[in-house]
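What follows is the residue order along each chain.
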2 protein chains.
Amino acid sequence: MAVRAAKMDQVKQKVEQMGVFFEKIGHAPMSGRVFAYLLVSEPPYREFYDIQEFLAASKSSISNAINHLMNEGVVDYMTFSGDRKRYFRVNASNWLKKTKEGVRQVSVLSELVQEVLEDRSGSKHLDFNEGLKMIVDFQQHIAQGIEQSIASWEAKHGKA
Amino acid sequence: MAVRAAKMDQVKQKVEQMGVFFEKIGHAPMSGRVFAYLLVSEPPYREFYDIQEFLAASKSSISNAINHLMNEGVVDYMTFSGDRKRYFRVNASNWLKKTKEGVRQVSVLSELVQEVLEDRSGSKHLDFNEGLKMIVDFQQHIAQGIEQSIASWEAKHGKA
DNA sequence: TTTTTAGTTCGACAATTGCAGAACTAAAAA
DNA sequence: TTTTTAGTTCTGCAATTGTCGAACTAAAAA
């Protein structure tokens, strides 16, 4: 029994730690923790009250967190006949899709700096413009590399 | 004169718009605007009061914003002899360096999910684990692609 | 038909974050 | 030596964001 409790605490810590990570990449704290919990839990689907209890949070927090994650698409739920509860889980393939989108965002900055550069075309400060060009060039190079990587990955796996 | 004023308004709008972008990638609103202003302004170096006036903000806000940006390294300043003011500007090469670091962060998530996967090694839910493996694999593939792109870019340009 | 359950919605509250204003500091100028 | 200037620091306020508790809803169960 003490063994179980100890394991539980380990899981809790892991969830907190991962939660912090997901916070950093833009989720609200509770959303991060819910997502983390669904990732590590066995089984990987959990009912509402279970999540609430594990995270020691209010129903409303959990409800909001889950709905955020479901809107993002990274969480969905399954049901079992004869059981009216929903079992929430990470939707790995949607998460993968989101990840792809995220990685592609690199190119946004490059476009923005490109614009700035166009506006600056008449500038006397050529060295500064050169610096910006460098950044645009780098970003575009990376973006292209990413596109290629995505393409080769999709070729290897079953696409999307 | 009306022409000038109109151009000024355009610049202001551009700065706001870019500021929002920099906000999204993690800066405080004012920091984002300061950075945006330094990017588009001609000349690309500006004194404290100039920035303050352009952004219609308080000295303390500007001071804090500039210091944040200087701590990040993406802004620094130059001076002119016989002039005690500092002229703040974007440090493009440091910004580039930061950008590189940022792009490399992709691999962090993959490591985290990799860990989760190890913890889940005894799980019955093979399909779920497969989904996670997919994500790790994708991330690693992309990370590798990025490393390669960085390497080839550095080979072409003067490294760093 | 009434009760229970699973989850949502709403209003208040707490924490965090960002900005402002004013007092302050250090160095240069007078 | 006194004053001015360029910028900082500190305190408080305002806005935003996250969470909670409690009342609510819709569907299932009794």
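Residues numbered from 1 in each chain as written. Chains lettered and ligands numbered in written order. Predicted model: local features only at pLDDT ≥ 70, side-chain atom pairs only at ≥ 80, totals over all residues.

Asker: Any details on the nonpolar core? Residues and values, ideally.
Answerer: In terms of nonpolar packing, the biggest core is built from 66 residues, with V34(A), F35(A), V34(B) and F35(B) touching the most fellow members. Residue contacts for F35(A): discarding those within four places in its chain leaves F22(A), H27(A), L69(A), V74(A), V75(A) and V90(A). (Core = buried A, V, L, I, M, F, W, Y, C linked by C-beta atoms within 7 Å. Buried ≥ 20, exposed ≤ 12 C-beta atoms within 10 Å, placed from the backbone. Contact = placed C-beta atoms within 7 Å.)

Asker: Run through the interface of chain A and chain B, naming residues and quoting values.
Answerer: Across the contact, 34 residues belong to chain A and 34 residues belong to chain B. Elements that contribute at least two residues to the side of chain A that touches chain B include exactly α1 (2-24), α2 (29-40), α5 (92-104), α6 (106-119) and α7 (126-156) of chain A. Here the side of chain A that touches chain B gets 14 residues from one element, more than from any other, and that element is α7(A). A breakdown of the residues in the side of chain A that touches chain B according to their chemical character gives 21 nonpolar, 10 polar and 3 charged. (Helix = DSSP H or I, 4+ residues; strand = E, 2+ residues; numbered from the N terminus. Nonpolar A, V, L, I, M, F, W, Y, C, P; charged D, E, K, R; others polar.)

Asker: Please set out the environment of Y77(B) residue by residue, giving values where relevant.
Answerer: Relative to the helices and strands, Y77(B) is located in strand β2 (residues 75-80). With near-sequence residues (within four places) excluded, Y77(B) lies in contact with R86(B), Y87(B), F88(B) and R89(B).

Asker: Please set out the protein's contact with DNA strand C residue by residue, giving values where relevant.
Answerer: Around DNA strand C sit 20 residues in total, of which F48(A), S60(A), R86(A), S60(B) and S61(B) are the nearest. When contributions to the surface near DNA strand C are tallied by element, the ones reaching two or more residues are α4 (59-72) and β3 (83-90) of chain A together with α2 (29-40) and α4 (59-72) of chain B. No other element matches the 6 residues that α4(A) contributes to the surface near DNA strand C. Classifying every residue of the surface near DNA strand C by side-chain character gives 6 nonpolar, 7 polar and 7 charged. (Near = placed C-beta within 6 Å.)

Asker: Pulling in residues and values, what's your account of the domain arrangement of chain A?
Answerer: Assigned domains within chain A: domain 1 (2-91) and domain 2 (105-156). A straight line from the C-alpha centre of domain 1 of chain A to that of domain 2 of chain A covers 38 Å. (Domains from an automatic or database assignment.)

Asker: So what's going on with the sheet that holds strand β1 (residues 45-47) of chain B? Which residues, and what values?
Answerer: Residues and elements named next belong to chain B. Pairing in this open sheet of 3 strands is antiparallel, and the strands run β1-β3-β2 from one edge to the other. Both outer strands of the open sheet, β1 and β2, are each paired with one neighbouring strand and no more. For this sheet, the mean inter-axis angle between neighbouring strands, taken without regard to orientation, is 40°. Relative to strand β3 (residues 83-90), β1 runs antiparallel, the two sharing 3 bridges. Following the sheet pairing, R46 is matched in β3 by F88. Against the sheet, α2 touches β1, β2 and β3, its axis set at about 95° to β3. (Pairing = 2+ DSSP bridges. Axes fitted to C-alpha atoms, helices over the stretch in contact; angles between N-to-C directions.)

Asker: An account of the relation of the copies chain A and chain B is requested, with residue identities and associated values reported.
Answerer: Between chain A and chain B, the superposition needs a rotation of 180° and an axial shift of 0.0 Å, giving an RMSD of 0.0 Å. Such a combination of rotation and displacement between the chain copies is what one expects of a two-fold axis. Both copies contact each other with a shared surface, as 100% of the interface residues of chain A are interface residues in chain B too. (Least-squares fit on C-alpha atoms with pLDDT ≥ 70 in both.)

Asker: Give me the lowdown on the packing of α5(A) against helix α7 (residues 126-156) of chain B, citing residues and values where you can.
Answerer: The geometry of a pair of packed helices is captured by two quantities: the angle between their axes and the separation between those axes. Two elements in contact, α5(A) and α7(B), have axes separated by 9 Å at closest approach and are oriented at 15°. As judged from the angle between their axes, α5(A) and α7(B) are roughly parallel. For α5(A) against α7(B), the interelement crossing comes out right-handed. Within the contact between the two elements, α5(A) uses A92(A), S93(A), W95(A), L96(A), T99(A) and V103(A) and α7(B) uses F128(B), G131(B), L132(B), M134(B), I135(B), F138(B), Q139(B) and I142(B). Across the contact of α5(A) with α7(B), the residue classes tally to 10 nonpolar, 4 polar and no charged. (Parallel < 35°, antiparallel > 145°, perpendicular 65-115°, else oblique. Left-handed = near helix turned anticlockwise from the far one by under 90°.)

Asker: Lay out the sheet that holds β3(A) in plain terms, naming residues and giving numbers.
Answerer: Residue and element names in this part refer to chain A. An order of β1-β3-β2 is seen for the 3 strands of this open sheet, with the pairing classed as antiparallel. Whereas interior strands pair on both sides, the edge strands pair on one side only; in this sheet they are β1 (45-47) and β2 (75-80). Averaged over neighbouring strand pairs, the angle between their axes works out to 40° when direction is ignored. Note: β2 against β3, 5 bridges, orientation antiparallel. In the sheet register, D76 faces β3, and the bridge partner there is R89.

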